[in-house]
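The chain contents come next:
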Amino acid sequence: MFSCLCVFVFLFPFANGRIHNLKIIDDNRQQILLSTFGFLRGGTMNFNVTDFTYDKAGVGKESMFGFSIAKAKTSGIAEYLQSHSSRSCGFYQSEEANEIPHAYFKIDHKSEKPKITIIRHSVDFDLLDIEYETQTNLDPSNTNQTLKSNVTTPSVKKFEKNETLINEIPMQRIGDALHRFRFQFQVIVKRKSEEGLYNLYFHNCFNTNDSHLNQRPLNINLTAILIQRNLDNYLSAGEMPLPVLYFTWAVIYFLSGFYWIFVLKTSKHPVYKIHYLMLFLVLTKALSLIFHGVNHHYIASKGRHEEAWAILFYITHVLRGLLLIVAILLVGTGFTFIKHVLSERERKLFIIAIPLQILAIVAQIFLEEKEESDVVYATWRQICFIVDLLCCGAIIFPIVWSIRHLEQSARTDGKALSSLSKLKIFRQFYVMIVFYIYLTRIVVYIVKLTVPFRFEWLEVIFFELTTFVFFVFTAYKFQPAINNPYLALAQDSDDEIDAEMDIPLTQNPVFEQVTKVNQKPKRTLTKLSPTDPHDLITPDEDDEDGYHHIRLSTSHV
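Residues numbered from 1 in each chain as written. Predicted model: local features only at pLDDT ≥ 70, side-chain atom pairs only at ≥ 80, totals over all residues. Heavy atoms only, no water.

In the annotation of an unreviewed UniProt entry, the entry for the protein reads GOST seven transmembrane domain-containing protein, and the organism field reads Rotaria socialis. Heading Subcellular location (unreviewed entry) of the UniProt record for the protein holds this comment: "Membrane". (UniProt positions renumbered as here; feature names shortened; annotations may be inferred.)

Got a minute to help me understand the overall build of the protein in this structure?
For the protein, the helix and strand inventory stands at 13 helices and 12 strands. Relative to its 557 residues, the protein shows a buried fraction of 46%. Of all intrachain contacts in the protein linking residues separated by at least 6 positions in sequence, the fraction that spans at least 24 positions is 76%. A total of about 29100 Å² of accessible surface is found on the protein, and carbon and sulfur atoms cover 60% of it. (Helix = DSSP H or I, 4+ residues; strand = E, 2+ residues; numbered from the N terminus. Buried < 20%, exposed > 50% of the residue type's maximum accessible area, 1.4 Å probe, protein only. Contact = heavy atoms within 4.5 Å. Areas by Shrake-Rupley, 256 points an atom, 1.4 Å probe, with all protein chains shown as cover.)

Before we go on, may I ask you to explain the pairing of strand β3 (residues 43–54) in this structure?
Put simply, side chains in a regular strand alternate between the two faces of the sheet. Of all 12 residues in β3, 12 are buried, a share of seventy percent or more. Here 11 bridges tie β3 to strand β12 (residues 220–230), and the two strands are oriented antiparallel to one another. When the bridges of β12 are listed, G43 appears paired with N230. Relative to strand β10 (residues 180–188), β3 is paired through eight bridges, and the arrangement is antiparallel. Across the sheet, the residue bridging to T44 is I188, located in β10. (Pairing = 2+ DSSP bridges.)

Sorry, what's going on with the nonpolar core here?
Across soluble globular proteins, you tend to see nonpolar side chains buried next to one another. Membership of the largest hydrophobic core comes to 46 residues, with the highest contact counts inside it found for I433 and F470. Breaking this core down by element, the ones donating at least two residues are α5 (242–266), α6 (273–302), α7 (307–333), α8 (344–369), α9 (377–394), α10 (397–412), α11 (416–450) and α12 (458–477). Looking at which element gives the most residues to this core, the answer is α5, with nine residues. Setting aside chain neighbours within four positions, we find I433 in contact with I328, I395, I396, I399 and F470. L34, F39, F52 and Y198 belong to the second-largest nonpolar core, a separate cluster that totals 39 residues. (Core = buried A, V, L, I, M, F, W, Y, C linked by side-chain atoms within 4.5 Å.)

Looking at this structure, how should I read the sheet that holds strand β6 (residues 115–121)?
One open sheet accounts for six strands, arranged β2-β11-β4-β5-β6-β8; its pairing is antiparallel. Looking at the sheet topology across the chains shown, the edges are occupied by β2 (31–39) and β8 (168–170). Across the sheet, the mean angle from the axis of one strand to that of its neighbour is 15°, orientation sign disregarded. Relative to β8, β6 is paired through three bridges, and the arrangement is antiparallel. Note that in β8 the partner of I116 across the bridge is I169. (Axes fitted to C-alpha atoms, helices over the stretch in contact; angles between N-to-C directions.)

Please explain the pattern of salt bridges as it appears in this structure.
Pairs may arise between side chains of opposite charge once their charged atoms sit close together. Tallying each qualifying case throughout the model produces 12 salt bridges. With a closest N to O distance of 3.2 Å, E464 and K285 form a salt bridge. A residue pair is termed long-range when its members are at least 10 positions apart, and E464 in helix α12 and K285 in helix α6 qualify at 179 residues. Summarising the burial analysis for this pair, E464 and K285 share the class buried. (Salt bridge = Lys/Arg side-chain N within 4 Å of Asp/Glu carboxyl O.)

Looking at this structure, how should I read the packing of aromatic side chains?
Where two aromatic rings form a pair, the distance of their centres and the angle of their planes describe that pair. Counted under the stated rule, the structure contains 24 aromatic pairs. Pairing W249 with Y253 gives two aromatic rings, centres 6.2 Å apart and planes at 45°, and the pair type is tilted. Placement of both W249 and Y253 in helix α5 is noted, with a separation of four residues, approximately one turn of the helix. An identical accessibility class is assigned to W249 and Y253; each is buried. Both rings, one in F291 and one in W309, keep their centres 5.9 Å apart while their planes meet at 45°; by these two values the pair is tilted. Highlighted residues: F291 in helix α6 and W309 in helix α7, separated in sequence by 18 residues. (Phe/Tyr/Trp six-rings, centres within 6.5 Å; stacked < 30°, edge-to-face > 60°.)

See the structure below:
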């Protein structure tokens, strides 16, 4: 756990909530996704580029750089636009792509007075308000001070506001370099038609012409601060209800945990360790949701999370993931109930599945902390998807093994009815696991892609509701009661052991007729008569201690 904590602390310097510190170094990708954010009416996007440079080899050549903003109504359309535009320069779109509202910011770096030309497309963006800051000549050595002042006091900035729309943004060269610039602009969403999910891209269109295909790509360096907000909230439109949702679900899980404690304390039937493991899982889930809600609250109000609360969330998030997969694996293998020792292949499965679960959680946290513009972001996204898929497959294997074992027992042993009842239990649990994986991995993703951008919080509700139903189903099926599956399995296991012991205790002729008495449901014990050890009373006679005894013929002695 200490090593995981070190990983989390290492990740924090790279993330700043919804105030993005972008730093792209020696990157030659043609298209870079800088940010995705849902804007409502009154939202603003402040983009302050403090240092933009490219290779000197591109000076005076046919190189084209710039930015673009594409608006979509759902995440599905936004991902389609990203995959479609990544195949081309980005400034030359097809007629189908031109139907999507977007604005281009082309950098003219070859003229004496460098500038950015703004091109608006679609009716929704015809009146998109774009402003820029009147910057004075600043010393490049004071760039860090400028960045800090721009983040902490955004309201002090003064923008050039004209009655007509701005179509050009001035750029400033840093020093005497011909390939180093700084600039700043702000996009303001003032109309209902301009609301949507905005994707901000950077485009590097060098080497897109046939005459330059044999030349090496141009590397660019970009240092900027991107601040996105909706009025007084730094969360995207679809994330604004999340703090309240997380706190609400935390209360629900806490109440469920307290009720589970009441069930365990008042139960007159055996309570196994797996029941306490379920309790720890529910309480850890509740704590994780509380810390997640606090983290989002600070992001909404300040634009960045508090590291202490974020660390607590990540620790409880890792514990919740480990407890969940361990609980599912133990239930699936029937450990402690239909058997008391894990087989060799089950132990190997534990050794493989638990590290995979840790890797999946670390990859998920990495995605939350890293910027979308990072080179390794796409790689970690694929790792998270593949590892999570492997974990989902791993938790199904022990349930399938248990079902096969019970099917064979139903055909071979003399307790077909008992084996079939056990088989029914595990089949129900198997179906529930499959539904849980399908709903939380596939249906949730479909909901995220299809719902409007301002209702993306429905994804969280659907995921948490599915998880809660799964927890309730598991607790109901395996609660400590006389008719619950676990207790039934344990009792049947004892019956089998007793049946094996119902044989002569020894092969000595003297005791060849002595057998263990096993009367169900009340067990009886044999005891020598205290009066005469050679004379035993019959089973119908009781001594003063209440034990039943067996009379043996003295002829055998």
